[in-house]
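# Geometric and topological summary
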Amino acid sequence: MGVSRLDVFYRRLLLTKLFIGGWGKPEDLKRIFEFRKIVGDREKCKALVSEDYPVHIDKTEEQADCHIHDGFFISPLEHLVPGILPPEAIKARFQFIVPKVWKKNRPVCIQLAGTGDHFFWRRRTLMARPMIKEAGIASLLLENPYYILLRSSLKNVSDLFVMGGALILESTALLRWLEREGYWPLGMTGISMGGYMASLAVTNWPKPIPLVPCLSWSTASSVFTTGVLSKAVNWSQLEKQYAVNSVYEKEIIQLLEYCGVRLILKWIHMFSSSVRCALKKVYFHICSYGFSGMVFLWCFKCSSYGVSSVVSGVSPRREKTESTRFCRPSLHVESISFMKGVMDECTHMANFSVPVDTSLIIVVQAKEDAYVPRAGVLSLQEIWPGCEVRYLSGGHISAYLFKQNVFRQAIYDAFNRFCLKYPSLQ
């Protein structure tokens with residue numbers, strides 16, 4: 001399947017650069033990687049956010065068809081990883097759009113924001129108000145931590161991971177609050193990056209819950225390394241930092257655990273510089289096959305360089321081999337490889353618990369999506385057996401502009417499925 005020309009064209013119209021500050025502080029990356037090991041395991045997270053976590057409403061506005069409540073609470077991430085959030089993001093803000101008259105039960109869908117979706121107007125207009133009219137479902141719109149005051153300041157790669165950790169815990173706090181207030185059933189959705197974040201949040205929730213991620217997939221690594229957004233990444237700054245600060249290559253890599261990445265890269269560091277350069281080049285190329293076949297392909301390539309002893313753990317001989325013909329891979333290649341590793345570590349759904357009931361998940365994806373490539377990565381059906389995937393014709397941009405009604409229908413179907421399967425959970 002090809003990619004949407006509209007996606008490619010639209011990306012060229014945008015002049016903004018991603019990650020202009022670089023990778024982020026190494027100490028921040030280390031802290032968030034360690035925290036990922038906790039939030040990636042649902043059993044370890046049961047007590048992270050208390051059942052009575054405080055949430056406040058500070059303003060209410062009456063509209064013709066609904067009440068709009070503005071609220072806030074302190075992000076739980078500030079308590080668990082102090083100082084990792086910027087000061088402006090410590091207070092999480094949300095907008096709660098509630099119908100004046102409920103049709104049946106009191107269903108609420110938490111909607112997380114996509115890239116550039118500042119404040120609440122877009123989600124409120126395109127999704128929340130129609131959902132009240134069509135199905136009587138309320139919406140809780142959570143502000144992205146880095147979108148406060150119209151500044152989507154994801155200046156560093158680490159900011160994306162901090163955002164994910166914050167949204168996982170903030171979603172848990174809101175779900176607990178909604179339960180206390182007697183709303184039922186509860187579900188989650190999001191478009192593009194909002195879909196990723198909603199998926200991550202649901203992996204952490206200890207109960208069955210409807211989930212509808214739209215225009216997102218199993219990992220963000222392909223978005224920033226092979227998708228059209230990769231053209232907007234400030235690679236020159238990332239390459240400079242990677243070359244100057246050896247901690248990224250010598251220490252951060254040791255923390256990567258997704259599908260054996262750390263072990264493979266650790267093996268590479270065992271060799272002399274000439275052999276190591278050749279193996280890094282091999283590593284980058286096999287990344288394009290997806291990590292599931294990486295170990296086999298890597299070992300196969302190693303044998304042709306005369307370094308197959310790595311498989312048995314025997315120290316390699318320090319002698320010139322055929323691999324000395326290879327020059328050091330470009331810094332750009334190494335930076336892309338490192339980006340893939342850190343993105344998979346913190347965003348790949350295989351690194352998180354499987355949602356309690358995958359039959360309540362309806363994924364909506366565009367067939368020709370150039371923003372979220374699906375080639376070379378595990379599919380959500382492989383990671384979450386039992387989930388449903390609905391494909392739309394066209395690309396990312398056309399689906400966002402013209403298929404909001406399809407997203408809403410998937411939400412209604414997921415909520416109905418939950419009510420039929422778990423009527424006693426009310």
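Residues numbered from 1 in each chain as written. Predicted model: local features only at pLDDT ≥ 70, side-chain atom pairs only at ≥ 80, totals over all residues. Heavy atoms only, no water.

### Some details on the overall build of the protein
Short version of the rule: The helix and strand labels rest on DSSP assignments: H or I over at least four residues marks a helix, E over at least two residues marks a strand, and numbering proceeds from the N terminus. Exposure classes here rest on a 1.4 Å probe applied to the protein chains alone. A residue is buried below 20% of its type maximum, exposed above 50%, and partly exposed in between. Any two residues whose heavy atoms approach within 4.5 Å at even a single point are treated as in contact. Here the open area of atoms and residues is found with the Shrake-Rupley method and a 1.4 Å probe, where only the protein chains shown may cover a residue.
Per the secondary structure count, the protein includes 17 helices and nine strands. Counting all 426 residues of the protein, 57% fall into the buried class. Contacts in the protein between residues at least 24 apart in sequence constitute 77% of all its contacts with a sequence separation of at least 6. Per element, the accessible surface of the protein, about 18200 Å² overall, is 56% carbon and sulfur.

### A word on the packing of aromatic side chains
Definition in use: Any pair of Phe, Tyr and Trp rings, taking the six-membered ring for Trp, is counted once the centres come within 6.5 Å. Such a pair is stacked with planes under 30 degrees apart, edge-to-face with planes over 60 apart, and tilted for the rest. Charge-over-ring contacts are defined here by two conditions on Lys NZ or Arg CZ: a distance within 6 Å of the ring centre and an angle within 35 degrees of the ring normal.
Tallying each qualifying case throughout the model produces 14 aromatic pairs. With 6.2 Å between their ring centres and 50° between their planes, phenylalanine 33 and phenylalanine 161 make a pair best called tilted. Remark: phenylalanine 161 occurs in helix 5 (residues 157–180) and phenylalanine 33 occurs in helix 2 (residues 26–39); sequence separation between them is 128 residues. Judged on exposure class, the residue phenylalanine 33 and its partner phenylalanine 161 are both buried. Ring centres 5.7 Å apart and planes at 55° place the aromatic pair tryptophan 184 and phenylalanine 418 in the tilted group. With tryptophan 184 in the loop between helix 5 and strand 6 (186–191) and phenylalanine 418 in helix 17 (residues 404–421), the pair connects residues that are 234 residues apart, well separated along the chain. Take tryptophan 184 and phenylalanine 418: they sit in the same class, and that class is buried. Clustering of aromatic rings is evident, with ring pairs tying together Tyr53, Phe73, Phe94, Phe96, Trp102, Trp177 and Tyr183. The ring of phenylalanine 72 carries lysine 91 above its face, with NZ or CZ at 4.6 Å from the centroid. The ring of tyrosine 183 has arginine 106 lying over it, and the distance from NZ or CZ to the ring centre is 4.1 Å.

### Comments concerning the pattern of salt bridges
For clarity, the cut-off: In what follows, salt bridge is the name for a side-chain nitrogen of Lys or Arg lying within 4 Å of a carboxyl oxygen of Asp or Glu.
Applying the stated criterion across every chain, the model contains 15 salt bridges. Here lysine 37 ties to glutamate 34 by a salt bridge, and the two come within 3.1 Å at their closest N and O atoms. Here lysine 37 and its partner glutamate 34 are both found in helix 2, three residues apart, which amounts to about one turn of the helix.

### Things to note about the pairing of strand 6
Residues in a regular strand point their side chains to alternate faces of the sheet. For clarity, the threshold we go by: We call two strands paired when DSSP finds no fewer than two bridges between them.
Along strand 6, six of the six residues are buried, which leaves the element largely enclosed by surrounding structure. Side chains of strand 6 alternate between two faces, with Leu186, Met188 and Gly190 and Gly187, Thr189 and Ile191 buried alike. Pairing of strand 4 (residues 108–112) with strand 6, which is carried by five bridges, proceeds in the parallel orientation. By the bridge assignment, glutamine 111 is partnered in strand 6 with threonine 189. Looking at chain direction, strand 6 and strand 7 (residues 211–214) are connected through four bridges and run parallel. Within strand 7, the position partnered with methionine 188 by the bridge is leucine 211.

### Focus: a nonpolar patch on the surface
Defined as follows: Residues forming no salt bridge and having over 30% relative accessible area are the ones grouped into patches, like charges within 9 Å of each other and nonpolar side chains (Val, Leu, Ile, Met, Phe, Trp, Tyr) within 5 Å.
On the surface, a cluster of nonpolar side chains totalling about 460 Å² of accessible area is made up of Leu6, Phe9, Tyr10, Leu13 and Leu14. Under the relative-accessibility criterion, leucine 14 is labelled partly exposed at 36%.

### As for unusual backbone geometry
Residues tryptophan 184 and proline 185 are joined by a peptide bond in cis, for which omega reads -10°. A positive phi angle, close to 60°, is found at serine 192, a residue other than glycine. Along the chain, serine 192 falls in the loop between strand 6 and helix 6 (193–203). Judged by relative accessible area, serine 192 falls into the buried class, the value being 17%.

### A short note on the confidence of the model for the protein
In low-pLDDT segments, the atomic positions of the prediction should not be examined closely. This is how it is decided: Every residue is assigned a pLDDT by the predictor, reflecting its confidence on a scale from 0 to 100.
Residue-level pLDDT values for the protein average 85, and 81% of them are 70 or greater. Here residues 259–267 is a poorly scored stretch, pLDDT under 50, and it has 18 contacts once near neighbours within four places are set aside; other chains count. Every residue in residues 284–328 scores below 50 in pLDDT, and together they form 62 contacts with partners more than four places removed in sequence or on other chains.

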